[in-house]
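# Structural description and commentary
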Protein chains: 2
Amino acid sequence: METFFNPSSVAIVGATEKQGSLPGIILKNLLGMGFQGRIYPVNSKYRTVFGLNCFPSVLDIPDEVALAVIAIPASSVFEVLQQLAQKRIHHAIIISAGFREMGAEGMKMEEEIRQIATKHTISIIGPNCLGVLDNYTNFTTSFLSWERVSTPKKGSLSILSQSGAFAVSLLDLAAQEGLGIAKMVNYGNRIDVGESVLLPFLRDDIHTKVIAIYMESVDHGRRFVEAAKSCSKQKPIVALKVGKGAAGIAAAKSHTGAIAGNYEIYKAAFLKSGIIEANGLEEFIDGVKALSMQNPPKGNRILIVTNGGGFGVIVADYCSENGLEVPPPSPQLKGTLKGKFSTFYVVNNPVDLTGSACDKDYYTALHTCMVESDEYDAAIIIPLMAPQGMTEKVVALITDVMKQSGKPAVICTVGGVFTTKVKQLFEEREFPVYPSPERSAKAMAMLLKRRKLQEGASHASP
Amino acid sequence: METFFNPSSVAIVGATEKQGSLPGIILKNLLGMGFQGRIYPVNSKYRTVFGLNCFPSVLDIPDEVALAVIAIPASSVFEVLQQLAQKRIHHAIIISAGFREMGAEGMKMEEEIRQIATKHTISIIGPNCLGVLDNYTNFTTSFLSWERVSTPKKGSLSILSQSGAFAVSLLDLAAQEGLGIAKMVNYGNRIDVGESVLLPFLRDDIHTKVIAIYMESVDHGRRFVEAAKSCSKQKPIVALKVGKGAAGIAAAKSHTGAIAGNYEIYKAAFLKSGIIEANGLEEFIDGVKALSMQNPPKGNRILIVTNGGGFGVIVADYCSENGLEVPPPSPQLKGTLKGKFSTFYVVNNPVDLTGSACDKDYYTALHTCMVESDEYDAAIIIPLMAPQGMTEKVVALITDVMKQSGKPAVICTVGGVFTTKVKQLFEEREFPVYPSPERSAKAMAMLLKRRKLQEGASHASP
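Here we summarise the structure given alongside this text.

Rules behind the numbers
Residues numbered from 1 in each chain as written. Chains lettered and ligands numbered in written order. Predicted model: local features only at pLDDT ≥ 70, side-chain atom pairs only at ≥ 80, totals over all residues. Heavy atoms only, no water. Helix = DSSP H or I, 4+ residues; strand = E, 2+ residues; numbered from the N terminus. Rg over C-alpha atoms; globule rule 2.2 N^0.38 Å. Contact = heavy atoms within 4.5 Å. Areas by Shrake-Rupley, 256 points an atom, 1.4 Å probe, with all protein chains shown as cover. Lys, Arg positive; Asp, Glu negative; His and termini not counted. Charge placed at Lys NZ, Arg CZ, Asp CG, Glu CD. Least-squares fit on C-alpha atoms with pLDDT ≥ 70 in both. Buried area = accessible area lost by both parts, 1.4 Å probe. Salt bridge = Lys/Arg side-chain N within 4 Å of Asp/Glu carboxyl O. Polar contact = N/O pair within 3.5 Å; in protein donor to acceptor, adjacent residues only side chain to side chain. Nonpolar A, V, L, I, M, F, W, Y, C, P; charged D, E, K, R; others polar. Axes fitted to C-alpha atoms, helices over the stretch in contact; angles between N-to-C directions. Parallel < 35°, antiparallel > 145°, perpendicular 65-115°, else oblique. Left-handed = near helix turned anticlockwise from the far one by under 90°. Phe/Tyr/Trp six-rings, centres within 6.5 Å; stacked < 30°, edge-to-face > 60°. Buried < 20%, exposed > 50% of the residue type's maximum accessible area, 1.4 Å probe, protein only. Pairing = 2+ DSSP bridges. Disulfide = S-S within 2.5 Å. 1 Å grid on protein atoms, 1.4 Å probe; cavity = no way out; pocket = protein on both sides within 12 Å on 5 of 7 lines; lining within 4 Å. Points joined across faces, edges and corners; volume = space filled by probe spheres on them. Core = buried A, V, L, I, M, F, W, Y, C linked by side-chain atoms within 4.5 Å. Right-handed = clockwise from strand over helix to strand, strands pointing away.

## Considerations on the overall build of chain A
Of regular secondary structure, chain A possesses 16 helices and 19 strands. Taking 23 Å as the expected radius of gyration for a compact globule of 462 residues, we find that chain A reaches 25 Å, a close match to that expectation. Viewed in the frame of its principal axes, chain A has a C-alpha envelope of about 80 × 45 × 40 Å. Long-range contacts, defined as pairs at least 24 residues apart, comprise 74% of the intrachain contacts of chain A with a sequence gap of at least 6. Of the roughly 16900 Å² of accessible surface on chain A, a fraction of 52% belongs to carbon and sulfur atoms. Once the 47 positive and 44 negative side-chain charges of chain A are each reduced to a mean point, those two points are 3 Å apart.

## Notes on the relation of the copies chain B and chain A
Turning chain B through 180° and shifting it by 0.0 Å along the axis lays it on chain A, with an RMSD of 0.0 Å. Accordingly, the operation relating the two chain copies is best matched by a two-fold axis. It is E282 of chain B whose C-alpha, among those of chain B, lies nearest the rotation axis, at 5.6 Å. An overlap of 100% is found between the interface residues of chain B and their copies at the interface of chain A, pointing to a shared contact surface.

## Comments concerning the interface of chain B and chain A
Taken together, the contact pairs 68 residues of chain B with 68 residues of chain A. Between chain B and chain A, a total of about 5000 Å² is buried, with carbon and sulfur atoms accounting for 60% of that surface. Three residues stand out in chain B for area buried against chain A, namely R148, V313 and Q388 of chain B, and they jointly supply 13% of the buried area on that side. Where chain B touches chain A, the interface holds two salt bridges. Residues E282 of chain A and R439 of chain B are paired through a salt bridge, measuring 2.7 Å at the closest nitrogen-oxygen approach. Counting every contact that joins chain B to chain A gives 18 residue pairs in polar contact (both at pLDDT 80 or more). Elements supplying a minimum of two residues to the side of chain B that touches chain A: α5 (164-176), α8 (246-256), α10 (281-293), α11 (309-321), α15 (417-428) and α16 (437-460) of chain B. Of the residues forming the side of chain B that touches chain A, the biggest block, ten residues, is contributed by α11 of chain B. Looking at the side of chain B that touches chain A, its residues break down into 33 nonpolar, 24 polar and eleven charged.

## Section: the packing of helix α6 (residues 195-203) of chain A against helix α7 (residues 221-232) of chain A
Each pair of packed helices gets described by two things: the angle between the helix axes and the distance between those axes. All names here are of chain A. Taken N-terminus to C-terminus, the directions of α6 and α7 make an angle of 15°; their axes are 8 Å apart at the nearest point. The orientation of α6 relative to α7 falls into the category roughly parallel. At the point where α6 passes α7, the crossing takes the left-handed sense. Of the residues in α7, those touching α6 at E195, S196, L199, P200 and R203 are R223, F224, A227, A228, S230 and C231.

## Concerning the packing of aromatic side chains
One pass over the structure, following the stated rule, counts 16 aromatic pairs over all chains. For the ring pair Y40 of chain A and F55 of chain A, a centre distance of 5.8 Å and an interplane angle of 70° mean the geometry is edge-to-face. Of this pair, Y40 of chain A sits in strand β2 (residues 38-42) while F55 of chain A sits in the loop between β4 (52-53) and β5 (67-70), and the two are 15 residues apart along the sequence. Comparing Y40 of chain A with F55 of chain A, the two get one shared label, buried. Among the aromatic residues, those joined into a ring-pair cluster are F166, Y214 and F284 of chain A together with F311 of chain B.

## Focus: the sheet that holds strand β5 (residues 67-70) of chain B
All names here are of chain B. Spatial strand order, β2-β1-β5-β6-β7: five strands in an open sheet with parallel pairing. Of all the strands in the sheet, the pair left with one neighbour each is β2 (38-42) and β7 (123-125). With strand direction ignored, the average angle separating the axes of adjacent strands in the sheet is 20°. The pairing of strand β1 (residues 9-13) with β2 spans five bridges and is classified as parallel. Bridging across to β2, V13 finds its partner in V42. Across the sheet, helix α3 (residues 77-87) lies against β1, β5, β6 (91-94) and β7, angled at about 170° from β5, the strand it touches most.

## Quick word on the state of the cysteines
Residue and element names in this part refer to chain B. For the coordinates displayed, the defined rule picks out zero disulfides over all chains. Between C319, a free cysteine, and C412, which holds the nearest cysteine sulfur, the sulfur-to-sulfur gap is 11 Å. A residue is classified by how much of its surface remains accessible, and C319, at 0% relative accessible area, is buried.

## Considering empty space enclosed by the protein
Counted according to the given criterion, the structure contains three cavities of 30 Å³ or more. Counted as a void, the largest cavity has a volume near 50 Å³. Residue lining of the largest cavity: T306, G309, G312, V313, V346, P350 and D352 of chain A together with A251, S254 and H255 of chain B, and that is the complete set. Put simply, the parts of the chain that give the lining of the largest cavity at least two residues each are α11 (309-321) of chain A together with α8 of chain B. Class assignment of the residues belonging to the lining of the largest cavity gives a composition of four nonpolar, five polar and one charged. Taken as a whole, the second largest cavity encloses approximately 40 Å³ of empty space.

## Comments concerning unusual backbone geometry
Here the bond from N349 of chain A into P350 of chain A is cis, since omega is 5°, no more than 30 degrees from zero. Within the fold, P350 of chain A resides in the loop between α12 (331-340) and β16 (351-352). Each neighbour pair has its own omega, and for G126 of chain B with P127 of chain B the value is -5°, a cis peptide bond. In this fold, P127 of chain B is placed in the loop between β7 and β8 (131-134). Backbone geometry at E430 of chain A places phi at a positive 65°, although glycine is not the residue there. Its location among the elements puts E430 of chain A in the loop between α15 (417-428) and β19 (433-434). With phi around 45°, T121 of chain B is a residue other than glycine that occupies positive phi space. Tracing the sequence through the fold places T121 of chain B in the loop between α4 (104-119) and β7.

## Topic: the environment of I159 of chain A
Residue and element names in this part refer to chain A. Of note, I159 is situated in strand β10 (residues 154-161). The sequence separation of I159 and R148 amounts to eleven residues, and the corresponding C-alpha distance is 19 Å. Not counting chain neighbours up to four residues away, the residues in contact with I159 comprise L170, L171, I181, K183, M184, V185 and A212.

## A few points about the nonpolar core
Ranked by size, the top nonpolar core spans 113 residues in total, and within it F166, C319 and I380 of chain A together with F166 and C319 of chain B carry the most contacts. Leaving out residues up to four positions away in the same chain, F166 of chain A has contacts with S161, Y214, L240, L281 and F284 of chain A together with F311 and I314 of chain B. Formed by 51 residues, the second largest nonpolar core is a distinct cluster that contains F5, V10, A71 and I125 of chain B.

## A few points about the pairing of strand β18 (residues 409-412) of chain A
All names here are of chain A. Of the two faces of β18, both are covered, the one formed by A409 and I411 as well as the one formed by V410 and C412. Bridging between strand β17 (residues 378-382) and β18 involves three bridges; their strand directions are parallel. Across the sheet, I381 pairs through a bridge with I411, a residue of β18. Chirality of the crossover, the property in question, places the unit of β17, helix α14 (residues 393-405) and β18 among those that are right-handed. Here β18 pairs with β19 via two bridges, running parallel.

## As for the pattern of salt bridges
Residues and elements named next belong to chain B. Overall, the coordinates contain 42 salt bridges over all chains when judged by the stated rule. The closest approach of N and O atoms between R38 and D63, which form a salt bridge, is 4.0 Å. Of this pair, R38 sits in strand β2 while D63 sits in the loop between β4 (52-53) and β5, and the two are 25 residues apart along the sequence. Overall, the relative accessible area of 38% leaves R38 in the partly exposed class. E427 serves as the salt-bridge partner of K289, at 2.5 Å between the closest nitrogen and oxygen.

## Structural notes on the sheet that holds strand β11 (residues 181-186) of chain A
Two pairing modes exist for strands in a sheet, parallel and antiparallel, and in both the strands are linked by backbone hydrogen bonds. Residues and elements named next belong to chain A. The strand order across the open sheet built from seven strands is β9-β8-β11-β10-β12-β13-β14, with neighbouring strands paired in mixed fashion. Edge strands, defined here as strands with exactly one partner in the open sheet, are β9 (139-140) and β14 (275-277). As paired strands, strand β8 (residues 131-134) and β9 are joined by two bridges and run antiparallel to one another. Bridge pairing links L133 to T140 in β9.

Written out as structure tokens, the structure reads:
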């Protein structure tokens, strides 16, 4: 599997400098990322491409080739695979579309490819896909222009996605959310390599801490559950299952030829294998962001601190809806807090620092409730940046005191330009920020779900 | 009521040039917005404030005063109200906090104010509030710095909010979402003016087309339902009810002293009065954005057009979940589309233009399905901007063809910097853009809800 992410040498079949051509963009992206392995452009029309020697076919490459990337019309893919077999290349990423998703004829071509691959033990990612991105080896087969799609920083999230568009948007969002990425794999029609082999690989990957899966269907039901079970014991897996209702199932079939199947079966499989299911794209990205940046809380007693009472009320509502407790502080803790604050601050849970709050009040409230006391397991903090007393300094104060407490926190803040700047500062320090009360409560709930899975797994072991 | 939004003259009690003082910021904001009415600073300490003559008390103002804005400590408010009575000022906005939300003593002060106001027919907004913003008369009593909170453009949305922080964040978000605002009212503890009198006023306000209400409780149950019923016949009302569960109800009580009451009763009241309820902040802003920018569809047959198959699948799922149909095109329409597109485009619903899509393909798909054919009532369009063939020109093509069709559309697009630019272009043309498939489907569902309410209302009338 490693060869797909860090090939010692790679052939780019169809490589060209022509504007807009997929293999051309792939080559350009690869060179742009600074990949260190050997690269062999393959195209009978050229002697050189982007300054590299170009070969008429893979058979003409004088050295060993570990991986071939194929991005030519579907009808020519079979012939190239025959050459790979002859050259003893055992790994191929087939970017080309035009197979099963196109109906009977495409399905026939796909079947022929499957047969030749099996016969000659060629491991395949694709077809109809973007392939891979590895932020640590700087290897990619993406054919998207990086001027359009931002590159996320190095990090601990790895993404598995049947959908290419989805994988790309997720990368773009990750870049925007300050969320670092380890690996991305998009396998499209998934003729061979799928979730069941990728999950064990990611379980053992040192850079991967959290795994996100977009799925229309899975490759092998039973093997998938086994792989996920073993993987989720070590690392959180969050899944977005699409193709749930009749309209979505039909759409999934048109899209990657996937038989999305009965949603109830998937739900049961997720439960069995310790996968956390997300409801929708936002819950998906919000959840993996929380899991990548913060640890699960030890329990479900949540403290809410805010300078916007209305937001505190909404977060409290969504905590209740999502199985989180918002217990009032004990009389003793209440007394301590009251002694430290102006009389019109509302000392309760939420702690409402009101529109008069200044940065330091957040430190005081959190130090008192989360460091000096052990009444709460985690905090949802809602610093609204509109009032005069609030400055960027609140970021360091909040993140420092939470680190002292050793307990997790998520941040909710809502607003425009200045708020966006503060959000970035929080996320640089690995505190996830959400733009709505309901999303912050759901993200905290997802951290707690992970905690419960860990407890369940440790109870189950002998 | 008009006096609160467009006073011929206004006294700012407590006005000062002192940095950080609330009445000072209010005065500065008012001058900054270019309000045309007469302004009288009131403060015994100064002769002039920001170049305006300053008076020791309202009684010393030589002219008639239509409205007094009071932002001084709670304990001094009663005395000022006595002066208003003497000066026959019949409108006051009390910004000051420190009343009912502070417990027994505050409640007593609030009751004294209520009594004097009733006796002298002084209409009051507040206390514990931000007051009003009118984007057409340029009048505001907001004490927030406009460097922190962006000002939304003139528009058709009016906001009623018990929570000040919420109102402010909504303004900031509106500015960011390209959503124009007519009026905002934040009434805090709501000693007098509340939803029941504001709704009839907004019903008749020529600038208001859509009304958004944040509510912890309502002022008068029966009067509120009557007012909302009459208002919702003409204009959509979207409500965000907070304080639903035990934790939220307790938080609401601490916040504005509101008795949030039984959520089920509110749900019944919303149903009876034609109010659309939003679940959470995002559904709230998403819904009012859709209703402000687009008309309700005639039916629930939705066409999905995308160049990202995976997103099409998710939107189809969430359409089903939210009562929207995603019917396949008729054989005839399918044939027409197939004749116009490359063979590997997926002609179905969703229409999947794949990663090879270019701008013009969106025009072709939408013209064929929405203008030439009448099989669909509305469209959810998902132009992902990563592929090479997609440029900003897609905005004009999509919005032009949808205007030709006379049918509503919402846009979903997901990504970073370039996508944000495209989003702004769409929203300048009054097409609402959402950053996730689920939110675009829910926004369309809210447009349809409005349609059903209109139909219900017209059936119910004799």
